[in-house]
Amino acid sequence: DPSLLERADEAITRALALDPQLAEAWSARGTLAYLRRDAPASLAAFEQSLELDPDYASTWTIRAYQLGLVGRFEEALASANRAVELDPLSAEGFVNVSGAALALGRSEEAMAAARRARQLSPGWPSTQFSEAQAAFVAGDHEASLALLDGLEVPWIGGGVQSLRFRALLALGQVDAARVLLADLSSGEDGYAHAVALAALGDLDAAYERLAAMGPFNEFASLSFQGPDRSLWNPGGNDSRYAEALLRLHAAWGITGADR
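These lines cover the structure that appears in this document, whether it is placed above or below. Source: prediction; values computed, not measured. (Residues numbered from 1 in each chain as written. Predicted model: local features only at pLDDT ≥ 70, side-chain atom pairs only at ≥ 80, totals over all residues. Heavy atoms only, no water.)

### With respect to the overall build of the protein
A tally of helices and strands in the protein yields 16 helices and zero strands. Scaling as 2.2 N^0.38, a compact globule of 259 residues should have a C-alpha radius of gyration of about 18 Å, and the protein matches this with 19 Å. Out of the 259 residues belonging to the protein, those deemed buried represent 46%. Put simply, the protein shows about 12100 Å² of open surface, and 52% of that area lies on carbon and sulfur atoms. Seen as two clouds, the 20 positive and the 35 negative side-chain charges of the protein have centres 1 Å apart. (Helix = DSSP H or I, 4+ residues; strand = E, 2+ residues; numbered from the N terminus. Rg over C-alpha atoms; globule rule 2.2 N^0.38 Å. Buried < 20%, exposed > 50% of the residue type's maximum accessible area, 1.4 Å probe, protein only. Areas by Shrake-Rupley, 256 points an atom, 1.4 Å probe, with all protein chains shown as cover. Lys, Arg positive; Asp, Glu negative; His and termini not counted. Charge placed at Lys NZ, Arg CZ, Asp CG, Glu CD.)

Listed below in structure tokens is the structure:
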């Protein structure tokens, strides 16, 4: 709701007017910029927050997430690890560790972090999905399917279904996969459908679907640059992948010198 973001902006501005050295207020400014999809402003505000208070765990956590959204996974992992050093009971922090590690191909590290996140917050769907992703990448497709069974994670759209489709496909359960593919093709999440097409090996159709969807949402941003990268760019030199990355980064306010 833009009106709520505007109210938040006013409160942050007032807080900084009262105390420009308040790390929490700078962190809030960074979070607000992230919600407005302005990654450069977001990261600049987080840097200011950490300069004022390098031990403020919340800044390290949301900074890690923002870095992942723009594909800076090495930095994201370092930031997430610092967050859990400062707050070892943060499930969100460990989810960020898992996601960044997964994007960097460090599947064992990703699984360990995902399991820790789920121990800390077993009722939060993101922790279970994080573990399902790590299991899939590690090749344990049956475990991934079991974790995905009945799972609902609203913020990732069709992400659960697309991962389930890929696991079914890997296990040779073609009929069940076909049913899911039909659901994905008629659903609202263009990225989830595009991933399914890419998993089938039809990259032309997958990129067409990608081009037809709107701006990359958060889950698509993380996945396209991270764990799904090899699916979209198997040879490492597909010009369509590079073009899509430019579009993705532009949606987060990154152009030219900001890259």
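### Some points on the pattern of salt bridges
For the structure on display, the rule yields 13 salt bridges. Here Arg-166 makes a salt bridge to Asp-228, at a shortest N to O gap of 3.0 Å. One end of the pair, Arg-166, is in helix 10 (residues 159-170); the other, Asp-228, is in the loop between helix 14 (218-225) and helix 15 (229-232), and 62 residues separate them in sequence. The exposure classification of Arg-166 matches that of Asp-228, with both residues buried. Note that Asp-204 and Arg-240 form a salt bridge whose closest N and O atoms lie 2.7 Å from each other. Here the residue Asp-204 occupies a position in helix 13 (residues 203-212), and Arg-240 occupies one in helix 16 (residues 239-251), the gap between them amounting to 36 residues. Linked through salt bridges whose partners overlap, the residues forming this network are Glu-6, Asp-9 and Arg-36. (Salt bridge = Lys/Arg side-chain N within 4 Å of Asp/Glu carboxyl O.)

### Overview of unusual backbone geometry
Positive phi, close to 60°, is recorded for Arg-37, a residue that is not glycine. Inspection of the secondary structure assignment puts Arg-37 in the loop between helix 2 (23-35) and helix 3 (39-52). Residue classification places Arg-37 among the partly exposed residues on the basis of a relative accessible area of 26%.

### A short note on the packing of aromatic side chains
Under the criterion given, the structure shown has 10 aromatic pairs. An angle of 70° between the planes, with centres 5.0 Å apart, marks the rings of Tyr-207 and Trp-232 as edge-to-face. One end of the pair, Tyr-207, is in helix 13; the other, Trp-232, is in helix 15, with 25 residues separating them in the sequence. Per residue, the accessibility class of Tyr-207 equals that of Trp-232, and both read buried. (Phe/Tyr/Trp six-rings, centres within 6.5 Å; stacked < 30°, edge-to-face > 60°.)

### A few points about the nonpolar core
One finds Tyr-191, Leu-210, Phe-216, Phe-224, Trp-232 and Trp-252 to be the most contacted residues of the largest nonpolar core, which totals 47 residues. Broken down by element, the residue count for this core peaks at six residues, all from helix 6 (residues 91-103). Judged by nonpolar contacts, the second largest core, of 20 residues, contains Val-160, Phe-165, Ala-167 and Ala-196. (Core = buried A, V, L, I, M, F, W, Y, C linked by side-chain atoms within 4.5 Å.)

### Comments concerning the environment of Asp-149
The residue Asp-149 is located in the loop between helix 9 (141-148) and helix 10 in this model. Of the residues examined, Asp-149 reaches a relative accessible area of 57% and is grouped as exposed.

### Let's talk about the packing of helix 8 (residues 125-137) against helix 9
One can describe the packing of helix 8 onto helix 9 by two numbers: an axis separation of 7 Å at closest approach and a directional angle of 160°. As far as their axial angle goes, helix 9 and helix 8 are roughly antiparallel. At the point where helix 8 passes helix 9, the crossing takes the left-handed sense. Touching Gln-128, Phe-129, Glu-131, Ala-132, Ala-135 and Phe-136 of helix 8 are His-141, Ala-143, Ser-144, Leu-147 and Leu-148, all from helix 9. (Axes fitted to C-alpha atoms, helices over the stretch in contact; angles between N-to-C directions. Parallel < 35°, antiparallel > 145°, perpendicular 65-115°, else oblique. Left-handed = near helix turned anticlockwise from the far one by under 90°. Contact = heavy atoms within 4.5 Å.)

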